[in-house]
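This is what each chain is made of:
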Amino acid sequence: MVVPNFADWCAIDILDPQGQAVRLAVVHEDPEKVEISKELWSSYPPDPKEKHGFYQILKKGQIEVYPEITKEMLTAGAIDKKQLSLLKKINLKSVAVMPLISRGKRLGLLSFGTAESGRVLTKAEIPFFKKMAERVSLLADNARLYSALSRQMQQQKIIKNELEKSQVKFKSVFQSSLIGMMIFDNEGRIREVNKALCELLDRKPKSILKKRVTEVIELDNPDKFNGNWQEEKSGKYTGKAEWNDREGKTKLLEYTITDLISPGLSLLALRDITDQVVEQRRREHFLTITGHELKSPLASIKSISQLLKKQLKSTSESVNEYLEEIDHKVDTINRLVNDLLDVTRIRQGKIEFLYEVVDLSELLDELIKEVSYTAKDWQVIKRGTFPKEIITDRGRLTQVLRNLITNAIKYAPDAKKIIINVQKNSLKRNYKVEIQDFGPGIAPAEQAKIFNLYYRASKSKTSKGLGVGLFISSQIIKQLGGRLNVHSQVGKGTKFYFTLPYRPK
Ligand code: ADP
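All residue numbers refer to positions counted from 1 along the written sequence of the respective chain. In view of the model being predicted, local features appear only for residues whose pLDDT reaches at least 70, and side-chain atom pairs are presented and counted only at 80 or more, with totals across whole chains, interfaces and linings using the full set of residues. The basis for every side-chain value is the complete set of heavy atoms in the structure, and neither hydrogens nor water enter the calculation.

K.L.:
Go over the overall build of the chain, please, and point to the residues and values.
P.N.:
By the criteria applied, helices consist of DSSP H or I runs no shorter than four residues and strands consist of E runs no shorter than two, each listed in order from the N terminus. On a plain count of helices and strands, the chain comes out with 15 helices and 18 strands. The quantity called the radius of gyration is restricted to C-alpha atoms. Its globule counterpart is 2.2 Å times the number of residues to the power 0.38. Its C-alpha atoms give the chain a radius of gyration of 44 Å, clearly above 23 Å, the size a compact globule of 505 residues would have. In terms of principal-axis extent, the alpha carbons of the chain reach across some 140 × 65 × 40 Å. The buried share of the chain, reckoned over its 505 residues, is 40%. Contacts are assigned to residue pairs with any non-hydrogen atoms lying within 4.5 Å of each other. Taking contacts inside the chain between residues at least 6 apart in sequence as the whole, the part at least 24 apart equals 59%. Accessible surface area values rest on a Shrake-Rupley calculation with a 1.4 Å probe, where residue burial reflects the displayed protein chains alone. Accessible surface, the chain: about 31100 Å² in total, of which carbon and sulfur atoms supply 55%. For the purpose of counting charges, residues Lys and Arg are taken to be positive, whereas Asp and Glu are taken to be negative. His and the chain ends are not included. The atoms used to mark charge sites are NZ of Lys, CZ of Arg, CG of Asp and CD of Glu. Between the centroid of the 84 positive side chains of the chain and the centroid of its 63 negative side chains there is a distance of 2 Å. The rule is simple: take the accessible area with a 1.4 Å probe, protein chains only, and divide by the maximum for that residue type; under 20% is buried, over 50% is exposed, in between is partly exposed.

If you want it as structure tokens, here you go:
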């Protein structure tokens, strides 16, 4: 409409979503000239750093009119000879550029140019340019909205497809899983169940669906499932449950709950741990019985050996030594039996404590004397401030210290030196006790695991031990109100340390 009646050239350039200038349209009667103009645009695209280019005019947001484009203006504006020659071929006489603005947003520029016609565009025509710019802006805005909308629709379609695909995948994993699973909503009502769950509970899906989770299995924390589950959980939760089968036998179950992406839905995975728990209880029962069975003959041997020691005191040096050795060996077996019994007691929460006033220095001296029977050439050095009156369980504290000192001797056999350091912390009202050896140390990856029950570090598999000492020690220290920790450097040695409050809380 504009070309060729009003101007010889017309161009629409817009900003794309990335903020780049894009030539949307360029019109001229002569297709060859259009090609030249396209070449100019592609070889010399607008540069945001230019003083008079696309970006600057758009930034100013005002109509600009250049009634006369002189040769000098072309020469001054051209970047190189090639651009100058292309500009000359187009041979613009007069130019008007107007910003396209819609709903306050700057969309791009509309440009008119005259050449062959020799028509001059003047500032007097600004009202007309303005009207043209308004109309084109409206069209451009609609086109932009439409393309944004169709892009969004396309993206939504892709997302929907992906969602459908992942739902199909999830359903097939859910159904074929060997682990019993159910999906429940935030009211605790069961929405879906898989085959493994129906087999585990020996129920048909119909008889479970729509029921509350708590109606189907007996959970350790049923409150969480009655409506307020969503607020309480933090994405994942593990617990124990019980369930009675058709014959009235109780099954023990372990469950994990995970949030699903769908709002208000959660996934509960269920595992039958009856056999495992029964087996564990059987083992613990066996250990308790064996431990107690061993204790009485051991007590008899101990008293007989002490009786013999008294009666044969001056008979001969070697007889005394043998009897002494029997005594120590009996003590060692006794401690092993007690350790095994302690494991069961700790697991069942049945360990008992007897608090009294303890002189730590004296307790350590006795202990050092005891270990020196078996570690004769060892040096055990005491350092720091030793409390004379600390309220704690003497027997249990001795057990921990004995374990840490004998470990230092067992795992650092060449070092021959142990340092026991005790520091008072008046502010925290506790003592820090450190047992330091100069042995091979413990690798960082194993340091956290050595406090686990039955764990033995890879290097020590050859030496004797049950892997229960540190587990028991850390549990005892916890009960005594402290914490047992380790600091170790491979090749340099190990420091086990724990805190003891002045008195238990
Ligand atoms: P056990 O000595 O019966 O194996 P513990 O629970 O007392 O059991 O110790 C667990 C593991 O920690 C040991 O097997 C050993 O590998 C490591 N360990 C304990 N004390 C030391 C130490 N002082 N130096 C190096 N390794 C140690």
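K.L.:
Residue-level account of the sheet that holds strand 16 (residues 430-437), with values.
P.N.:
Here the rule is simple: two strands pair whenever DSSP picks up at least two bridges between them. Pairing is mixed in the open sheet, where 5 strands are placed in the order 13-15-16-18-17. Every interior strand has two partners, whereas the edge strands, strand 13 (379-384) and strand 17 (484-489), have only one. Each strand of the sheet is rotated relative to its neighbour by a mean of 15 degrees, with strand direction disregarded. Of the strand pairs in this sheet, strand 16 and strand 18 (residues 493-501) are connected by 8 bridges, and their pairing is antiparallel. Within the sheet, the bridge partner assigned to Ile435 lies in strand 18 and is Phe496. Interaxial angles span 0 to 180 degrees and are taken between N-to-C directions of axes, which are lines fitted to C-alpha atoms, for helices over the stretch in contact. Relative to strand 13, helix 12 (residues 360-372) is tilted by about 170 degrees, and along the sheet it contacts strand 13, strand 15 (417-425) and strand 16.

K.L.:
A description of helix 12 should follow, citing residues and the corresponding values.
P.N.:
For helix 12, built from 13 residues, the straight-helix expectation of 18 Å at 1.5 Å per residue is met to within 8% by its first-to-last C-alpha distance of 18 Å. Residues of helix 12 that are buried include every one of Leu360, Ser361, Leu363, Leu364, Leu367, Ile368 and Val371, and no others. Looking straight down helix 12, one finds that the buried residues subtend no more than 155 degrees of arc, so they occupy a single side. Buried-residue contacts for helix 12 involve strand 12 (356-358), strand 13, helix 13 (394-411), strand 15 and strand 16. Any pair of nitrogen or oxygen atoms within 3.5 Å is treated as a polar contact; in protein, a donor-acceptor pairing is required on top of that, and neighbouring residues in sequence qualify only through side-chain atoms on both sides. Measuring from the side-chain oxygen of the N-cap residue of helix 12 to the backbone nitrogen of Ser361 gives 3.0 Å; that N-cap residue is Asp359. Expected span, for any helix, means 1.5 Å times one less than how many residues it has. The directions from the helix axis to the C-beta atoms are what the arc is built from.

K.L.:
Summarise helix 11 (residues 317-347); cite the residues concerned and give the values.
P.N.:
Taking 1.5 Å of rise per residue, 31 residues should cover 45 Å, and helix 11 covers 45 Å from first to last C-alpha, within 8% of that figure. Looking one or two places after helix 11, you find Gly349, whose phi comes out positive at around 65 degrees.

K.L.:
Describe the nonpolar core, and please don't skip the residues or the numbers.
P.N.:
Across soluble globular proteins, nonpolar side chains have a tendency to be buried as a group. Counting 44 residues, the largest nonpolar core has Leu401, Phe496 and Phe498 as the members making the most contacts within it. Of all the elements in the fold, those that place two or more residues in this core are helix 11, helix 12, helix 13, strand 15, strand 16, helix 15 (469-479), strand 17 and strand 18. The element contributing the most residues to this core is helix 13, with 7 residues. Not counting chain neighbours up to four residues away, the residues in contact with Leu401 comprise Leu360, Leu363, Leu364, Leu367, Val433, Ile435 and Phe498. Residues grouped as a nonpolar core are buried Ala, Val, Leu, Ile, Met, Phe, Trp, Tyr and Cys residues, joined through side-chain atoms within 4.5 Å.

K.L.:
Just give me the short version of the environment of Gly61, but keep the residues and values in it.
P.N.:
Tracing the sequence through the fold places Gly61 in the loop between helix 2 (54-60) and strand 3 (64-66). In this structure, the C-alpha to C-alpha distance between Gly61 and Leu100, residues 39 residues apart in sequence, is 8.4 Å. For Gly61, the residues in contact, after removing those within four places along its chain, are Pro99, Ile101 and Arg106.

K.L.:
So what's going on with the packing of helix 13 against helix 15? Which residues, and what values?
P.N.:
Geometrically, a packed helix pair is captured by the angle between its two axes and the distance between the axes. Between helix 13 and helix 15, the least distance of the axes is 9 Å, while the angle of their chain directions is 145 degrees. In this structure, the crossing between helix 13 and helix 15 has a hand that is left-handed. Of the residues in helix 15, those in contact with Arg396, Gln399, Val400, Asn403, Leu404 and Asn407 of helix 13 are Gly469, Leu470, Ile472, Ser473, Ile476 and Ile477. Each residue belonging to the contact of helix 13 with helix 15 can be placed in one class, and the counts come to 6 nonpolar, 5 polar and 1 charged. Should the near helix be turned anticlockwise from the far one by less than a right angle, the crossing is termed left-handed; should it be turned clockwise, right-handed. The residue classification treats Ala, Val, Leu, Ile, Met, Phe, Trp, Tyr, Cys and Pro as nonpolar and Asp, Glu, Lys and Arg as charged. All others, Gly included, are polar.

K.L.:
An account of the pattern of salt bridges is requested, with residue identities and associated values reported.
P.N.:
Throughout this description, the term salt bridge denotes a Lys or Arg side-chain nitrogen within 4 Å of a carboxyl oxygen of Asp or Glu. Under the definition given, this model contains 30 salt bridges. Across the pair Asp365 and Lys382 runs a salt bridge whose closest N-O atoms are separated by 2.9 Å. In this pair, Asp365 sits in helix 12 while Lys382 sits in strand 13, placing the two residues 17 residues apart along the sequence. The exposure class assigned to Lys382 is partly exposed, which follows from its relative accessible area of 27%. In this structure, the salt-bridge partner of Asp377 is Lys416, at a minimum N-O distance of 3.7 Å. On the criterion of sequence distance, the pair formed by Asp377 in the loop between helix 12 and strand 13 and Lys416 in the loop between helix 13 and strand 15 is long-range, its members being 39 residues apart. Given a relative accessible area of 31%, Lys416 falls into the partly exposed group. The network of salt bridges with common partners includes Lys302, Lys309, Glu324, Asp327 and Asp331.

K.L.:
Quick rundown of the packing of aromatic side chains? Include the residues and the values.
P.N.:
In this analysis, rings of Phe, Tyr and Trp, with Trp reduced to its six-membered ring, are considered paired at centre separations within 6.5 Å, and the interplanar angle assigns stacked below 30 degrees, edge-to-face beyond 60, and tilted for intermediate values. Evaluation of the coordinates by the stated rule reveals 7 aromatic pairs. For the ring pair Phe54 and Tyr55, a centre distance of 5.2 Å and an interplane angle of 85 degrees mean the geometry is edge-to-face. For the pair Phe54 and Tyr55, one class covers both residues: buried. With a centroid separation of 5.8 Å and an interplanar angle of 25 degrees, the aromatic rings of Phe170 and Phe174 are classed as stacked.

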